[in-house]
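# Notes for the structure review
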Amino acid sequence: MSSTDSLARLAAVIESRKPANGGDPDKSYVSRLLHKGPDAFLKKIGEEATEAVMAAKDCDQGGDRQKLVAEVADLWFHSMIALAYYGLGPQDVVDELVRREGLSGLEEKALRKAQDRDNGEPRQ
């Protein structure tokens, strides 16, 4: 079984927990986050990203590498909730990674900056 199958199954569960699909915020953590709206799950993404960074830094000092895996899993999970909220899924992310395959990171960043400039978006 592939990892994309696992992500697709998890995405389906998250989709089923949307309040619009009958998810009950009193019985489901995912439903509760989705019911509260973006501020709730975006805050969790920020918290999990920070915890992943801290776990990685601990790995540099001989810490438990499995802790990093667990924190990244939490980050991915909460990111998938955000994707679902906005009508997207893990396949959209996989498709974007495939699109970038073979493109150097520096080239990809320069391309995004040029596209932002062409679209009148501020530079970062």
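This write-up is about the structure you can find in this document. (Residues numbered from 1 in each chain as written. Predicted model: local features only at pLDDT ≥ 70, side-chain atom pairs only at ≥ 80, totals over all residues. Heavy atoms only, no water.)

The next point concerns the overall build of the protein chain. Tallying secondary structure elements over the protein chain gives 6 helices and 0 strands in all. Order of helices (α) and strands (β) in the protein chain, N terminus to C terminus: α-α-α-α-α-α. Against the 2.2 N^0.38 benchmark of 14 Å for 124 residues, the protein chain shows a C-alpha radius of gyration of 17 Å, more extended than a compact globule. Principal axes of the C-alpha set define a box for the protein chain whose edges measure 45 × 45 × 35 Å. Relative to all contacts within the protein chain whose residues are 6 or more apart in sequence, the contacts with residues 24 or more apart total 47%. Side chains of the protein chain give 18 positive and 22 negative charges; the mean places of these two sets differ by 2 Å. (Helix = DSSP H or I, 4+ residues; strand = E, 2+ residues; numbered from the N terminus. Rg over C-alpha atoms; globule rule 2.2 N^0.38 Å. Contact = heavy atoms within 4.5 Å. Lys, Arg positive; Asp, Glu negative; His and termini not counted. Charge placed at Lys NZ, Arg CZ, Asp CG, Glu CD.)

Glancing now at the packing of helix 3 (residues 38-60) against helix 4 (residues 65-85). One way to put it is that helix 3 packs onto helix 4 with a least axis distance of 8 Å and a crossing angle of 160 degrees. By the angle class used here, helix 3 and helix 4 are roughly antiparallel. Read as a crossing pair, helix 3 and helix 4 show a hand that is left-handed. Each of Pro 38, Phe 41, Lys 44, Ile 45, Glu 48, Ala 49, Glu 51, Ala 52, Ala 55, Ala 56 and Cys 59 in helix 3 lies in contact with helix 4, whose residues at this interface are Arg 65, Lys 67, Leu 68, Glu 71, Val 72, Asp 74, Leu 75, His 78, Ser 79, Ile 81, Ala 82 and Tyr 85. Counted by class, the contact of helix 3 with helix 4 contains 14 nonpolar, 2 polar and 7 charged residues. (Axes fitted to C-alpha atoms, helices over the stretch in contact; angles between N-to-C directions. Parallel < 35°, antiparallel > 145°, perpendicular 65-115°, else oblique. Left-handed = near helix turned anticlockwise from the far one by under 90°. Nonpolar A, V, L, I, M, F, W, Y, C, P; charged D, E, K, R; others polar.)

Inspection of the secondary structure puts Ile 45 in helix 3. Judged by relative accessible area, which is 19%, Ile 45 ranks as buried. Placed 32 residues apart in sequence, Ile 45 and Phe 77 show a C-alpha to C-alpha distance of 8.8 Å. If we skip the residues at most four places from it in the chain, Ile 45 touches Leu 75, His 78, Ser 79 and Ala 82. (Buried < 20%, exposed > 50% of the residue type's maximum accessible area, 1.4 Å probe, protein only.)

We now examine the pattern of salt bridges. Tallied over the entire structure, the rule returns 6 salt bridges. Notably, a salt bridge pairs Glu 48 with Lys 44, separated by 3.4 Å at the nearest N-O pair. Placement of the pair is Glu 48 and Lys 44 together in helix 3, with a separation of 4 residues, close to one helical turn. Judged by relative accessible area, which is 5%, Glu 48 ranks as buried. The shortest N-O distance in the salt bridge between Glu 71 and Lys 67 comes to 2.9 Å. (Salt bridge = Lys/Arg side-chain N within 4 Å of Asp/Glu carboxyl O.)

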